[in-house]
Amino acid sequence: MSADVEPPLAESPPAERPKNVSPEDGAPKDGAGESDQPYGLPGKPLARGPFLFGLVGGLGVLTAIAIAQMVVNSLSTIILVVVAMFLAVGLNPAVEALQRRGLARRGAISIVFTGVIVAFVLFGLAVVPPVSKQLTEFVAAVPGYITELSNNPTLRQLDADYGILSQLRSFVTNTLGPSLASGIMGAGLVVLNGLFTTVTLLVLMLYFLGSLHTIKVYLIKLVPASRRSRTSAMSEQILSGIGGYVAGNVLISVIAGLLTWIFLSIMGVQYALALALVVALTDLIPLVGATIGAVLVSGVALLQSVPAGIACAIFFLIYQQVENYLIYPRVMKRSVDVTPAVTVIAALFGGALLGIVGALLAIPVAAAISLIIREVVLPRQDRS
């Protein structure tokens, strides 16, 4: 063997296996890793047994009940927010129309909001004085009514036989007086609550009107990017439909109130402006609003004069036919694309669920659902 041939390299010893590690899975044995796991190693996950399944299911049911209870307790606030948003969307076309004339959005919102406040103030000035005057006249006439009753011969004879006047005084003093006092206090609380609700509604409407664009952009971002353009176009159409519906409904109510005021003024009915505003306000309610206003005004006119009451009933009967078949279709044909049958059904369901507010919101909601079905559901069914 040659001397310059190097000897073969010795094999390196096998790598030493870490202590306390199982050769199968490399996991530390019991008692190992205490420095890394100060509280010990975690155990196996809990098995999905029937007890755990029932516990999770029960917690889910309790959570659903709690959420439903919270919704029920805050239903009035939810309705207030929804109505404020609905009015903001309805007034947005007027704001955008002022913007197109060169005004900034804040200035346009200020003008529209001022117009709404002025409308509320004018309505109060037209309705409150006649009502307060009538109440004052009634209270002042009560002593005269009592005197007339006391001077009636028949009533005197009945009072002598059965003590009717003494029983009437006892009823007024002990029963009717406290009831009227509590009723007046309750009416005052109702008025204060109505004023607070109206102010809150106006403030929310102002906030929503000012941040409507921001809200739309934020909600569109929640939609997947591939569907944002289509969703944005559909939402714009829905919002424009709601705005057109609100504007059209207000225009129809203004026409009804104006024509009623002209007719009542010609007939010489007292408080014609206040009664016309009542007709305009009730005419905003779908289906039954115009009938309610007609019955109220005809009843008031009938108390003043029988011919005036009959003339009012005939006037409202003719006007409602003109409104239903001529004015309403022309005003609403560009805003709400809903068939008359769907309109009636939606208003009935909305009124049954949320009363007057539901009836007001039902028609634009039905129009939005109809648009979604026409643009999303039916094309998908055609492709399947």
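As named in an unreviewed UniProt entry, the protein is AI-2E family transporter, taken from Nonomuraea rosea. The Subcellular location (unreviewed entry) comment attached to the protein in UniProt states, word for word, "Cell membrane".

**Student:** Which parts of the structure should I look at to understand the nonpolar core?
**Tutor:** Grouped together as the largest cluster of nonpolar side chains are 27 residues, with contacts concentrated most on L264 and F316. Listing elements by their share of this core, those giving two or more residues are α2 (75-100), α7 (228-267), α8 (272-282), α9 (289-304), α10 (306-332) and α11 (340-383). What F316 contacts, discounting residues up to four positions off in sequence, is T260, V279, A294, V297 and S298. If you look at the next biggest cluster of nonpolar residues, it comprises 16 residues, including V83, A88, I109 and L202.

**Student:** I'm lost on the packing of aromatic side chains in this one. Help?
**Tutor:** Geometry of an aromatic ring pair is reported as the spacing of the ring centres plus the angle between the planes. As enumerated under the stated definition, the model contains three aromatic pairs in all. For the ring pair F315 and F316, a centre distance of 5.2 Å and an interplane angle of 65° mean the geometry is edge-to-face. Looking at F316, the relative accessible area reads 4%, which means it is buried. Ring centres of F315 and Y319 lie 6.2 Å apart, and the angle between their planes is 15°; on these two criteria the pair is classed as stacked. Of this pair, F315 and Y319 both sit in helix α10, four residues apart, which is roughly one turn of the helix. Pair check on accessibility: F315 and Y319 agree, each one buried. Put simply, the rings of F263, F315, F316 and Y319 touch in pairs and so form one group of aromatic residues.

**Student:** I'm lost on the side chain of R105 in this one. Help?
**Tutor:** Residue placement: R105 occurs in helix α3 (residues 105-151). One buried charge, R105, has no salt-bridge partner; the nearest side chain with opposite charge is E96, at 5.0 Å. A polar side-chain atom of R105 sits 2.9 Å from a polar atom in the side chain of N92. Excluding its chain neighbours within four sequence positions, the residues that come into contact with R105 are N92, V95, E96, Q99, L209, G210 and L212.

**Student:** Sorry if this is basic, but what is going on with the packing of α7 against α8 here?
**Tutor:** Packed helices, taken two at a time, are described by the angle their axes make and the gap between the axes. It is the contact of α7 with α8, at a shortest axis distance of 8 Å, that shows an interaxial angle of 150°. One finds that α7 runs roughly antiparallel with respect to α8. Considering how the two elements wind past one another, α7 and α8 form a crossing that is right-handed. Residues S253, A256, G257, T260, W261, L264 and S265 of α7 form the contact with α8, whose own contacting residues are A272, L273, L275, A276, V279 and A280. Partitioned by chemical class, the residues of the contact of α7 with α8 number nine nonpolar, four polar and no charged.

About the criteria used
Residues numbered from 1 in each chain as written. Predicted model: local features only at pLDDT ≥ 70, side-chain atom pairs only at ≥ 80, totals over all residues. Heavy atoms only, no water. UniProt positions renumbered as here; feature names shortened; annotations may be inferred. Core = buried A, V, L, I, M, F, W, Y, C linked by side-chain atoms within 4.5 Å. Buried < 20%, exposed > 50% of the residue type's maximum accessible area, 1.4 Å probe, protein only. Helix = DSSP H or I, 4+ residues; strand = E, 2+ residues; numbered from the N terminus. Contact = heavy atoms within 4.5 Å. Phe/Tyr/Trp six-rings, centres within 6.5 Å; stacked < 30°, edge-to-face > 60°. Lys, Arg positive; Asp, Glu negative; His and termini not counted. Salt bridge = Lys/Arg side-chain N within 4 Å of Asp/Glu carboxyl O. Polar contact = N/O pair within 3.5 Å; in protein donor to acceptor, adjacent residues only side chain to side chain. Axes fitted to C-alpha atoms, helices over the stretch in contact; angles between N-to-C directions. Parallel < 35°, antiparallel > 145°, perpendicular 65-115°, else oblique. Left-handed = near helix turned anticlockwise from the far one by under 90°. Nonpolar A, V, L, I, M, F, W, Y, C, P; charged D, E, K, R; others polar.

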